[in-house]
Each structure stands twice: as structure tokens, then as C-alpha cells.
Amino acid sequence: MTKYDVLTIGNAIVDIIARCDDGFLSENGIIKGAMNLIDADRAELLYSRMGPAVEASGGSAGNTAAGVASLGGRAAYFGKTTNDQLGEIFAHDIRAQGVYFQTRPLETVPPTARSMIFVTEDGERSMNTYLGACVELGPEDVEADVVAQSKVTYFEGYLWDPPRAKDAIREAAKIAHENGRETAMTLSDSFCVHRYRDEFLELMRSGTVDIVFANKQEALALYETEDFDLALEKLSKDCKLAAVTLSEEGSVVVRGAERIRVGATPLAQVVDTTGAGDLYAAGFLHGYTTGRSIEDCSKLGNLAAGIVIGQIGPRPMVSLAAAAKQAELA
């Protein structure tokens, strides 16, 4: 028996979300649809130029943990905050979702991470992230007993930006495999893939990572190709299992010679795509750790992603467990 279904490890970030037009992005040198890393001065500048904003605890892996919990799964999370106002918001929010979170916060500086997210009329989000306390996540923050008692340990590719986090991830993967558990990662962002392609491929090919999550653009970037079928073929050889999201076309899972395609959940309106990939991973991993078929795992992922992009913010505001039951996926 295990205590947790999914342990996620990531950058603990409070999202500050505001609407804007494409002109605002151009005027402020923001790359549309990407996660742009910024320093403290630029964070202050962009914050001063934002319109009315909503604050919501985020961070890719934190969103996934919250999604697993909303589906009724047992979730845990490792991520570094600071003992400040945003740190208190983050800790309150993730625990209120039912996620185990006990990573020791920093006492003073750097402050808790924040991401200024600008959402354009088409629902696309452009993230501008000051990592703050996240860069201090290290091996000492890996709770070995939690890793050993988690069916899958999942981490975000964004963690490859702060250097000490790499050591923490490798330590967690070692503990997981020593205890017969599995590991998973999300490629996070095509710009992130370009920065760390060789390291990501080494994680997969060495068996450090068993399961990979990506969107189509990230999969193409990983193999430096425009041929999606070729990227899927290479993915199938480099990892045990890979799930690739395809926006309005749903998703495809590759496992050896298998290709399992599932259509997207029908949507009334795309409001904000923040967290779509995170919630897909939550749905998929919830299905995976509770013994569902790969097709049902994909359906749960598509359902969770579809719900979160119909709202503002990256964490579900409705019970995903209830939604899954209504969709006859519970």
C-alpha cells in the first residue's frame, strides 16, 4: 500500500493574472504564449503596468497536485516558498485543496516566486516569472518517506532552470525507483526544451524518467523536427510511456508500438489556457495510479484540461471528481 498516488515537485509560484491585448505584449517585449524568466526589477515594472488582476496560487506541478486532489486522488507536493505574504497564500491554497505540503519555507529572502500572466482575447497566456525562492529548492527538501510512499513522482521541466533543483530531482528519482515506484516529467515549454534538450533526453534514455508529458510543439522541439509522426516514434523508443496534448484535437499516448488517440472535451468557450497541460497531467496520472485503461486516463486528462480552460486561473474551481462522475469516468 502507498500513502500517496502522485507526488509532484515544482516551482511554487503565485500567479497574478490580468487581461491585455496583443499590442500590450508588443509594447512590453513579452513573447506571446511563452514562459519568460524575469528578474525582480522587471517583475516590479510589469506589475506596475498591469490592469486589474486576480491572484491565484499556481506553478505547473502545484496545479497538477491540486487537480489530482480535486479528482479524489491522494496528492503531495514539494516546492520552495518564503515566509512572506505570497508564501502564506501559496501554502494555504494548496493545503486547502487537500494536498500534503510541508516543504520548509525560507525565512527572509529571496521572496516567494510570482508570475505575471497576461491573457489575450484568444485565451492565450504569456507568463513572466520571477523565480524568487524557487531557486533555493535542493536535495534537503526531498522528504524520502513521501517519495517512497508515492506511486508516481512527477516534476516539471521548468525545474531545470534553478540549478540545485536538478540534484533534488535526481535524488527523488533514485528513491522512487529503489522503492519500485515510477517517475514522470512534463517538458513544460518549447523554450525550456530548447534550453535543456540534451539533459531531458538523457533523463528519458537513462530511465531516470518513465513517463513523459508534452504538447505537440514541445515534442517537435525535443527532436528538432517538423514531422510529428517521427517525433512520436522517437518518443516511443526513449521512454516507457508518453502523453502528448494536441489542443483542440485532444491527445495521443504512445507506448511502444501503441498509438492511443482521444478527442478533446467539447468546450463552450476558451477563457484562459493557463494550466491546461498541468490539469491534463493531473487527470491522466489520477487514472494511471488508480488502474484505469490508457484511453480512460487520456479522457480524464482531456476532461480536466477542458474544465480549467473554461475559467480564469490554473486550478479547478469545481469538483473534478463530480465532473468525472457526470462524464461516466469516475
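Residues numbered from 1 in each chain as written. Predicted model: local features only at pLDDT ≥ 70, side-chain atom pairs only at ≥ 80, totals over all residues. Heavy atoms only, no water.

Per an unreviewed UniProt entry, the protein carries the name Sugar/nucleoside kinase (Ribokinase family) and comes from Ensifer adhaerens.

*Asks:* Would you mind going over the overall build of the protein with me for this structure?
*Replies:* Looking only at helices and strands, one finds 12 helices and 14 strands in the protein. Over its C-alpha atoms the protein spans a radius of gyration of 18 Å, differing by no more than 12% from the 20 Å that the globule rule assigns to 330 residues. Taking the principal axes of its C-alpha atoms as reference, the protein extends roughly 50 × 40 × 40 Å. Looking at the protein as a whole, 60% of its 330 residues qualify as buried. Expressed as a percentage of contacts within the protein between residues at least 6 apart in sequence, the contacts between residues at least 24 apart total 74%. Surface accessibility of the protein: about 13,400 Å² in total, with carbon and sulfur atoms responsible for 49%. Within the protein, the 47 negative side-chain charges are centred at a point lying 5 Å from the centre of the 31 positive side-chain charges. (Helix = DSSP H or I, 4+ residues; strand = E, 2+ residues; numbered from the N terminus. Rg over C-alpha atoms; globule rule 2.2 N^0.38 Å. Buried < 20%, exposed > 50% of the residue type's maximum accessible area, 1.4 Å probe, protein only. Contact = heavy atoms within 4.5 Å. Areas by Shrake-Rupley, 256 points an atom, 1.4 Å probe, with all protein chains shown as cover. Lys, Arg positive; Asp, Glu negative; His and termini not counted. Charge placed at Lys NZ, Arg CZ, Asp CG, Glu CD.)

*Asks:* Any chance you could explain the sheet that holds strand E12 (residues 241-245) here in plain terms?
*Replies:* Sheet strands pair by backbone hydrogen bonding; their relative direction is either parallel or antiparallel. Read from one edge to the other, the open sheet built from 9 strands follows the order E6-E5-E1-E9-E10-E11-E12-E13-E14, with strand pairing classed as mixed. With partners counted over all chains shown, the strands left at the sheet margins are strand E6 (100-101) and strand E14 (258-262), one partner each. Here helix H6 (residues 163-178) sits on the sheet in contact with strand E1 (4-9), strand E9 (150-156) and strand E10 (182-186), set at roughly 145° to E10. (Pairing = 2+ DSSP bridges. Axes fitted to C-alpha atoms, helices over the stretch in contact; angles between N-to-C directions.)

*Asks:* Before we go on, may I ask you to explain the sheet that holds strand E7 (residues 113-119) in this structure?
*Replies:* With mixed pairing, 5 strands are arranged side by side in an open sheet as E3-E8-E7-E2-E4. Because the sheet does not close on itself, it has two edges, and the strands there are strand E3 (35-37) and strand E4 (53-57). Recorded for the sheet is a direction-independent mean angle of 25° between the axes of neighbouring strands. As paired elements, strand E2 (residues 13-19) and E7 share 7 bridges and run parallel to each other. For Val14, the partnering residue across the bridge sits in E7 and is Arg114.

*Asks:* What exactly am I supposed to notice about the nonpolar core here?
*Replies:* The tendency in soluble globular proteins is for nonpolar side chains to be buried side by side. Judged by nonpolar contacts, the single largest core of 52 residues is most densely connected at Ile9, Phe155, Phe200, Val212, Leu222 and Leu235. Looking at this core, the element that brings in the most residues is helix H7 (residues 190-205), giving 7 residues. Judged by nonpolar contacts, the second largest core, of 44 residues, contains Ala91, Phe213, Leu241 and Tyr280. (Core = buried A, V, L, I, M, F, W, Y, C linked by side-chain atoms within 4.5 Å.)

*Asks:* Got a minute to help me understand unusual backbone geometry in this structure?
*Replies:* Note: most residues except glycine have negative phi, and most peptide bonds are trans. The peptide bond linking Val109 to Pro110 adopts the cis configuration, its omega dihedral lying at -10°. In this fold, Pro110 is placed in the loop between E6 and E7. In this structure, Ser188 takes a positive phi of about 75° despite not being glycine. Considering the arrangement of structural elements, one finds Ser188 in the loop between E10 and H7. Look at Glu224: it is not a glycine, yet its phi comes out positive at around 50°.

*Asks:* Teacher, can you tell me more about the packing of aromatic side chains here?
*Replies:* In this description, a pair of aromatic rings is defined by centroid distance and the angle of the planes. For the structure shown, the criterion picks out 13 aromatic pairs. With centroids separated by 5.6 Å and ring planes inclined at 50°, the aromatic side chains of Tyr77 and Phe101 adopt a geometry described as tilted. Taken as a pair, Tyr77 in strand E5 (residues 75-78) and Phe101 in strand E6 lie far apart in primary sequence, 24 residues in all. Here the two residues Tyr77 and Phe101 agree in accessibility, since each one is buried. A connected cluster of aromatic rings, assembled from ring pairs, spans Tyr154, Phe213, Tyr280, Phe284 and Tyr288. (Phe/Tyr/Trp six-rings, centres within 6.5 Å; stacked < 30°, edge-to-face > 60°.)

*Asks:* I keep staring at the side chain of Asn28 and nothing clicks. Help me out?
*Replies:* Along the polypeptide, Asn28 turns up in the loop between helix H1 (22-27) and E3. Those residues within four positions of Asn28 in sequence are excluded, and the remaining contacts are Arg42, Leu46 and Arg49.

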